[in-house]
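# Summary of structural features
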Amino acid sequence: MCGIIGYIGDKNCSDILLQGLSKLEYRGYDSAGIAILNNNNITRLKTEGKLQGLYAKVYLEKPEGTIGIGHTRWATHGAPTTINAHPHSAGKFTIIHNGIIENYKELKSYLQKEGAIFSTETDSEIIAHLLDLNSKNLTFEEAVVKTISKLEGAFAVLVLFEEAEKIVAFKQHSPMVIGVGSGEMFVASDIPALLEYTKRFIFMNDGELAILEKNSFNLYDFSLNSKEYKIETLNISPLMAEKGNYKHFMLKEIFEQNRSISDTFRGRVLNGGEKLDLDTSELNDFFKNSLKRVIITACGTSWHAGLVGKYLIEHLARVPVEVDYASEYRYRSPIVDENSLIIAISQSGETADTLFSIKMAKEMGAKVLSICNVFQSSIPRSSDAVLYTYAGPEIGVASTKAFTTQLAVIIMLAIHLKECKTGELDVKLLKELLSIPEKIDGILQNSELILELAQKYHHFRDFLFLGRGLNFPIALEGALKLKEISYIHAEGYPSGEMKHGPIALVDEDMPTIIMATKNNQYEKVLSNLQEIRARSGKVIAIATEGNNSIKEFCDDIFFVPESSALLEPFFTVIPLQLFAYYVADIKGTDVDQPRNLAKCVTVE
Ligand code: F6R
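Please read these numbers as outputs of a predicted model, since none were measured by experiment. (Residues numbered from 1 in each chain as written. Predicted model: local features only at pLDDT ≥ 70, side-chain atom pairs only at ≥ 80, totals over all residues. Heavy atoms only, no water.)

A word on the side chain of S174. Positionally, S174 belongs in the loop between β8 (164-172) and β9 (177-180). Among the residues examined, S174 registers a relative accessible area of 0% and is labelled buried. At 3.2 Å, the side chain of S174 forms a polar contact with the backbone oxygen of N98. Not counting residues within four places of it along the chain, the set of residues in contact with S174 comprises N98, G99, A154, F155, A156 and D206. (Helix = DSSP H or I, 4+ residues; strand = E, 2+ residues; numbered from the N terminus. Buried < 20%, exposed > 50% of the residue type's maximum accessible area, 1.4 Å probe, protein only. Polar contact = N/O pair within 3.5 Å; in protein donor to acceptor, adjacent residues only side chain to side chain. Contact = heavy atoms within 4.5 Å.)

Shown next, in the form of structure tokens:
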């Protein structure tokens, strides 16, 4: 949940650290700090609040040095104050940490008995004190190894030592990637922090320790045995992680969805939709001969994509599907066997609950397929196969383009599973997939209309979102988007469930946004809509283009293009994303970094 960066080379590193932290701020943004090593002396600068505070401090103090580490925090243990901000020091050691040290209380009392004096309330500070204590009679590297052996939990840690011109990095259950430069080395939580400097990366595995020097680096296990590594070259442009002319990343990411969906279909939907080539060769025999059940685990928006997946896979491939919150799935002794497929959906690939859920299911004999946006992150690396979503870096905390690319992968997977089970490729549907990006573009060109709706409705304090079938998960997603960035209370419900409780909430102060597209449930939705109006509720309908007759039943309307019912979620979700964005912007909230949230949830 925090972002970390390290640099060693010839350049004065404070700018590189700050620049990297600005790309990692989506991971945590309640406080930040850097430490720079220069002539056997480590300078630390820390501030609470957003990164701007740290910029000002660095500008005033101008720390010199070409070896440094930086951290942006999302508080878990200890309030987001300057004192609790990283880096933390003890003796000649300075560290930054992303993760949670689960046994920190025992370690802290042990260290206090040994004479350590703590200055923060964090779990992380114990790492610096352990290093200091363990360094008596040991080399720097040996002290690190001894320290790691005491730690339980999740950690990606960078260490500076006053007497060595190197950075030691080690990780367990928290992400860390090394960037290989020429005469300089980088290390960070995620590649957007390094894209400006290198395209060559080593994705570290759990249980690995790296020693970075200016012109070299070595990789070891936690017993200091050398390990082989692979350098991967990624052709991702730094511009993909820039805001461009957009006011917020979220808006840019909403407007990128035609491109990101095209990229996700590219190389998979072939010959104009006559052929589907899904890179799941490892699992195809299993799909054909053994698959009896699918269990989708995910969190938040990715869980909503999973709910859409249930409808699509059951409808097309006729395989039963359960969808579980990963945090619940882990702790409810689920029934899994070797005929089960677990599909883990995650933008970041690092969500702790999702990661642990697949590890558990794998141990119970299930096959694991992940759908993920971040290359080589922990979830794909713990899976039997992965289908990447090519959304590009998603920086806004509220997920938008990652969601629709997850839908793109899921619909291809459902078509593929059907082909594996029946030998029949649904060419008609496959061809229709290729029309999705252009139709989304059409919706985005009408974004002004959504802005007008946001201007009209932003002052309401409660909203109801309703949808049936494939549009029920979209109602949940619309409500989640609105809550998380505008802090307005919103509830998502299946339209048919409304009369079983939520209708009691409806009055002139609680508008309803209802998915009322022309599919086989339309007449029922129309009845729900009239029930709301009969109780003085205001209704905004998301309806199918050309259905002018719906106008008499609602206060406002936004049209989405006609499509096969199976593809409607791609279109109905776009106006809801835009509505949440414009309402939040009108209210002046911090759209890209809403309060209390972080982009990547690596804690349980
Ligand atoms: C909502 C949002 C979160 C994430 C959730 C899972 O806009 O972004 O609900 O969807 O934290 O994250 P990933 O997909 O990275 O596993």
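Along helix α1 (residues 14-24), 8 of the 11 residues are buried, which leaves the element largely enclosed by surrounding structure. Of all the positions in α1, only S14, I16, L17, L18, G20, L21, K23 and L24 are classed as buried. For α1, the elements touching its buried residues are β1 (3-8), β2 (31-38), α2 (51-61), β4 (67-73) and β10 (185-188).

This paragraph deals with the pattern of salt bridges. What the rule picks out here adds up to 31 salt bridges. A salt bridge links D590 to K50; the nearest nitrogen and oxygen atoms lie 2.1 Å apart. Of this pair, D590 sits in the segment after α19 (568-587) while K50 is found in the loop between β3 (41-48) and α2, placing the two residues 540 residues apart along the sequence. The partner of E322 in a salt bridge is R293, and the shortest N-O contact between them spans 2.7 Å. With E322 in strand β18 (residues 321-325) and R293 in strand β17 (residues 293-298), this residue pair connects regions lying 29 residues apart in the sequence. A relative accessible area of 31% means that E322 is categorised as partly exposed. A cluster of three or more residues bridged by salt bridges with shared partners is formed by K252, E256, R259, D263, R266 and K401. (Salt bridge = Lys/Arg side-chain N within 4 Å of Asp/Glu carboxyl O.)

Turning our eyes to something else, we now look at the domain arrangement of the protein chain. Segmentation of the protein chain into domains returns domain 1 (3-240), domain 2 (243-434) and domain 3 (441-589). Each of domain 1 and domain 2 was reduced to a C-alpha centroid, and the two centroids are 33 Å apart. Carbon and sulfur atoms make up 58% of the area that domain 1 and domain 2 hide from each other, which totals about 1,300 Å². Here domain 1 and domain 2 share 1 salt bridge between them. Residue K359 pairs with D206 through a salt bridge whose shortest N-O separation is 4.0 Å. At the boundary of domain 1 and domain 2, one finds 3 residue pairs in polar contact (both at pLDDT 80 or more). In the side of domain 1 that touches domain 2, the residues fall into 10 nonpolar, 2 polar and 4 charged. (Domains from an automatic or database assignment. Buried area = accessible area lost by both parts, 1.4 Å probe. Nonpolar A, V, L, I, M, F, W, Y, C, P; charged D, E, K, R; others polar.)

Moving on, we get to unusual backbone geometry. Cis geometry is adopted by the peptide bond preceding P87, which originates at H86 and carries an omega value of 0°. As for its position among the elements, P87 is in the loop between β4 and β5 (88-90). Located in the positive-phi region is H173, a residue other than glycine, with phi close to 65°. You can see H173 is positioned in the loop between β8 and β9. Judged by relative accessible area, H173 falls into the partly exposed class, the value being 23%.

Judged by how many residues are buried, helix α4 (residues 125-134) sits mostly within the fold: 8 of 10 residues are covered. Among all positions in α4, only E125, I126, I127, A128, H129, L130, L131 and N134 are buried. Packed against the buried residues of α4 are β5, β6 (93-101), α3 (104-113), α5 (140-150) and β7 (153-161).

Backbone hydrogen bonds are what pair the strands of a sheet, in a parallel or an antiparallel way. In spatial order, the strands read β3-β2-β4-β1-β10-β9-β11-β14; together these 8 strands make up an open sheet with antiparallel pairing. The outermost strands of the open sheet, each flanked by one partner alone, are β3 and β14 (232-233). Taken together, the 8 bridges between β2 and β3 define a ladder with antiparallel strand orientation. Across the sheet, residue A35 finds its bridge partner in β3, namely R44. This element, α1, spans β1, β2, β4 and β10 of the sheet and lies at about 155° to β1. Running over the sheet, α2 touches β2 and β3 and is turned about 140° from β3. (Pairing = 2+ DSSP bridges. Axes fitted to C-alpha atoms, helices over the stretch in contact; angles between N-to-C directions.)

Turning next to the packing of aromatic side chains. The full count for this structure, using the stated rule, is 20 aromatic pairs. Centre to centre, the rings of F170 and F222 are 6.5 Å apart; their planes meet at 90°, and the pair counts as edge-to-face. Linking F170 in strand β8 with F222 in the loop between β13 (217-221) and β14, this pair joins segments that are 52 residues apart in sequence. The class of F170 is buried, set by a relative accessible area of 0%. Taking the ring centre of F286 as reference, the NZ or CZ of K367 above it sits at 5.8 Å. (Phe/Tyr/Trp six-rings, centres within 6.5 Å; stacked < 30°, edge-to-face > 60°. Lys NZ or Arg CZ within 6 Å of the ring centre and 35° of its normal.)

Further remarks concern the site of the ligand. Surrounding the ligand, one finds 14 residues, the nearest of these being S302, S346, S348, T351 and E484. Between an oxygen atom of the ligand and a main-chain N or O atom of S399, the distance comes to 2.9 Å. Take E484: an N or O atom from its side chain is 2.5 Å from an oxygen atom of the ligand. Of the residues belonging to the shell around the ligand, the class tally is 4 nonpolar, 8 polar and 2 charged. Taken domain by domain, the makeup of the shell around the ligand includes at least three residues from each of domain 2 (243-434) and domain 3 (441-589). (Near = heavy atom within 4 Å.)

Turning to the nonpolar core, a few remarks are in order. If you look at the biggest cluster of nonpolar residues, it comprises 91 residues, and the most contacted ones within it are L433, F463 and F579. Taken domain by domain, this core gets at least three of its residues from each of domain 2 (243-434) and domain 3 (441-589). Among residues more than four places away in sequence, those in contact with F463 are Y457, L482, I488, H489, A490, E491, M510, P511, I513 and F579. Listed in part, the 29 residues of the second largest apolar core include I101, Y104, L107 and I148. (Core = buried A, V, L, I, M, F, W, Y, C linked by side-chain atoms within 4.5 Å.)

Within a regular beta strand, the side chains point alternately toward one face of the sheet and then the other, so they alternate between its two faces. A large share of strand β22 (residues 462-467) lies buried, amounting to 5 of its 6 residues. Relative to strand β23 (residues 489-494), β22 runs parallel, the two sharing 6 bridges. The residue of β23 that forms the bridge with F465 is G492. The parallel pair β22 and β23 is bridged by helix α17 (residues 471-486), and the resulting crossover is right-handed. Pairing between β22 and strand β24 (residues 512-516): 3 bridges, direction parallel. Across the sheet, F465 pairs through a bridge with I513, a residue of β24. (Right-handed = clockwise from strand over helix to strand, strands pointing away.)

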